[in-house]
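Observations on the model geometry
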Amino acid sequence: MNFDEINLPSKCGVYIFKDIFGNPLYIGKAKDIKKRVKSHFQEEDSKKHKLLELTEKIDFIITPNELSALFLENDLIKKYQPKFNVNLKDDKTYPFIEITIKDKFPKIFYTRKIKEDSIYFGPFYPARKPRKIISFIQRNFGICSCKRNLNKEYKKPCLYFYMKRCLGPCVPNLTNKNIYKKKLEQAILFLKGKNEKLLKEIKKEIEEKAKKLRFEEAKDLKEIYLSIEEMKKTEKIYKAKGEDFDVFGIYNEGSFFSLIVLNFKRGTLFGKKSYIFEKIEIEDKKYFLEQVLPQYYISNPVVPEKIILPFDIKEEIFLDFLKEEKGKVVKIKVPKRGRDKDLLKLAEENAKEIYQNRFPNRGIEELKKILDLEKLFSIIGIDISHFQGRIRYGGVVFFEGGIFDKKKYRTFKLNTKDPRDDPKGIYEIVKRYILRNLREEKGLPDLILIDGGKAQISMGKKALEEIKINIPLISLEKTEEKVFMPDKKEPLLIEKNSPALLLLQKIRDEAHRFVITLHRRVSRKSFFK
């Protein structure tokens with residue numbers, strides 16, 4: 001399609017790229033439709049070229065102002081779900097522990113909704129954690145968790161009192177305001193991780209239950225203990241200047257994305273929203289963020305004072321929308337260092353964790369298809385490190401079931417005559433590692449990954465042939481990220497940013513990190529002597 005052949009207005013509104021059947025491929029907004037559509041034809045992004053190849057017609061809708069365009073774009077994306085757009089779907093929030101401080105006798109609840117007149121602890125994942133903690137607080141502090149109105153007086157207490165899970169504030173003379181207040185303060189200190197005496201008692205009780213083989217009870221207590229310890233660690237991060245702000249974290253592998261938004265109120269984390277996007281026609285994080293931000297604040301209309309992002313966003317329509325919603329200019333910050341940068345890293349770590357929980361085996365499954373393997377559960381990564389041929393070591397890392405098993409990592413001091421011959425070093429490691437495993441009956445990996453090119457993989461193949469063992473073998477070259485197989489002259493064609501290649505890079509990089517760390521440690525000892 002040629003841009004010069006398209007008749008578009010230089011007005012504010014929404015434009016729609018359509019395919020040959022009239023189905024929307026991409027929907028965008030602009031202050032100047034003609035100018036914005038022209039920019040699509042000038043950009044070099046490969047996905048944009050794919051969009052233009054499929055486009056048969058460009059339609060548009062003129063709107064009275066920029067904000068109307070923003071809302072219309074959001075509605076149309078949700079209605080048609082075009083393949084080149086990101087569709088932000090509503091997400092269930094994480095659970096919290098709520099304490100209703102406004103009440104005469106505050107209660108403790110499990111909740112997913114945040115209100116102004118309560119204090120909150122969390123968020124928690126998985127959802128069973130806060131329920132167990134609340135049950136523990138009921139048993140140890142007697143804080144009320146029933147639906148009775150404590151501003152009224154009742155003749156008899158509820159069942160929780162007889163189960164020794166409540167002090168019975170609903171009935172006169174069973175407790176008083178001062179005793180209840182003291183117990184509540186102790187419970188809050190516990191939730192903050194500051195009740196050290198109780199934490200020590202929990203730890204002791206875990207050990208005692210484990211000795212008595214009451215493992216299920218010990219496991220529940222340990223989960224509570226670890227949750228409180230984690231909250232104690234993160235409290236330093238979440239205490240801030242007292243402002244309201246959101247932090248956006250993004251992680252992607254190819255066209256699969258995860259998005260995390262950490263919500264801070266008066267400087268304290270009070271909420272987290274997570275979203276997963278599968279097979280969208282986008283691979284650029286900044287472009288993804290530009291589409292997601294407006295949809296997020298239309299769906300979640302509480303606009304903070306500040307937004308912390310991994311990339312700078314200068315889209316005027318969006319910034320004007322935020323200003324109108326908030327009543328003042330909202331600060332957009334892309335931190336390079338300091339506390340905000342730490343929070344951004346925290347959000348990105350969360351995004352990565354959510355992604356890997358959702359797609360733990362995508363890389364393995366894709367690699368299995370590419371290599372035509374029946375089984376692919378364990379992979380070893382091999383690398384060598386030396387300094388000018390001296391102090392040469394090799395390392396093997398073990399990846400199994402989606403995680404690295406550091407107990408199965410191995411190190412080798414190399415004995416090859418020519419210390420600068422890396423391929424011979426690979427030959428030695430493969431041979432020694434396989435023979436040791438056979439001797440110790442520890443089983444063999446499903447795949448061997450070597451850091452290197454054709455020379456390294458040919459020596460790895462030679463080692464396996466001499467042992468008469470058939471294990472799939474590949475190598476990954478650092479410079480151009482090419483993947484080689486022993487019996488093929490040309491490298492395998494694996495798409496950049498594909499889960500399979502990202503998995504191989506992850507294992508290769510871990511092998512490199514492991515052997516470099518080992519080499520530095522040994523070198524320091526050697527130079528000291």
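Predicted, not measured: the structure shown is a model, and the values here were computed from it.

**Some details on the pattern of salt bridges**
Summed over all chains, the structure comprises 21 salt bridges. When salt bridges that share partners are traced, they join Glu-243, Lys-306, Lys-331, Lys-333, Arg-339 and Asp-340 into one network.

**Some thoughts on the nonpolar core**
Counting residues in hydrophobic clusters, the biggest one holds 45 residues, and the most contacted among them are Leu-367, Ile-379, Ile-382, Ile-434, Ile-448, Val-483 and Leu-504. Every element with two or more residues in this core is listed here: helix H12 (362-371), strand S12 (378-387), strand S13 (390-400), helix H13 (422-440), strand S16 (447-451), helix H14 (454-467), strand S17 (473-476) and helix H15 (499-528). At seven residues, H15 tops the list of elements feeding residues into this core. Look past the residues within four positions of Val-483 in its chain and what remains in contact with it is Ile-474, Ser-475, Leu-476, Pro-491, Leu-492, Ile-494, Leu-501 and Leu-504.

**Concerning the sheet that holds strand S5 (residues 108-111)**
Spatial strand order, S5-S4-S6: three strands in an open sheet with antiparallel pairing. Looking at which strands have only one partner, the edges of the open sheet turn out to be S5 and strand S6 (119-121). This sheet shows a mean twist of 30° between the axes of neighbouring strands, independent of strand direction. Examined bridge by bridge, strand S4 (residues 96-99) and S5 share four bridges and lie antiparallel to one another. In the strand pairing of S5, Glu-98 is matched with Phe-109. Running over the sheet, helix H4 (residues 128-141) touches S4 and S5 and is turned about 175° from S5. Sheet strands in contact with helix H6 (residues 177-191) are S4 and S6, and its direction is about 155° off that of S4.

**Some thoughts on a nonpolar patch on the surface**
On the surface, Leu-159, Tyr-160, Tyr-162 and Met-163 cluster together into a nonpolar patch covering about 440 Å² of accessible area. In this fold, Tyr-160 is placed in helix H5 (residues 159-162). A relative accessible area of 31% means that Tyr-160 is categorised as partly exposed.

**Considerations on the packing of aromatic side chains**
For any pair of aromatic rings, geometry is given as the distance between the ring centres together with the angle between the planes. Across all of its chains, the model carries 19 aromatic pairs by this definition. Relative to Phe-17, the ring of Tyr-15 has its centre 5.9 Å away and its plane inclined at 75°; by these criteria the two rings are edge-to-face. Across the pair, exposure class does not vary: Tyr-15 and Phe-17 are buried alike. Ring centres of Tyr-296 and Tyr-297 lie 4.9 Å apart, and the angle between their planes is 90°; on these two criteria the pair is classed as edge-to-face. Pair check on accessibility: Tyr-296 and Tyr-297 agree, each one buried. Put simply, the rings of Phe-248, Tyr-275, Tyr-296, Tyr-297 and Phe-318 touch in pairs and so form one group of aromatic residues. A cation sits over an aromatic face here: Arg-131 above Tyr-110, 3.6 Å from the ring centre.

About the criteria used
- Residues numbered from 1 in each chain as written.
- Predicted model: local features only at pLDDT ≥ 70, side-chain atom pairs only at ≥ 80, totals over all residues.
- Heavy atoms only, no water.
- Salt bridge = Lys/Arg side-chain N within 4 Å of Asp/Glu carboxyl O.
- Core = buried A, V, L, I, M, F, W, Y, C linked by side-chain atoms within 4.5 Å.
- Buried < 20%, exposed > 50% of the residue type's maximum accessible area, 1.4 Å probe, protein only.
- Helix = DSSP H or I, 4+ residues; strand = E, 2+ residues; numbered from the N terminus.
- Contact = heavy atoms within 4.5 Å.
- Pairing = 2+ DSSP bridges.
- Axes fitted to C-alpha atoms, helices over the stretch in contact; angles between N-to-C directions.
- Patch = residues over 30% accessible without salt bridge, like charges linked within 9 Å, V, L, I, M, F, W, Y side chains within 5 Å.
- Areas by Shrake-Rupley, 256 points an atom, 1.4 Å probe, with all protein chains shown as cover.
- Phe/Tyr/Trp six-rings, centres within 6.5 Å; stacked < 30°, edge-to-face > 60°.
- Lys NZ or Arg CZ within 6 Å of the ring centre and 35° of its normal.

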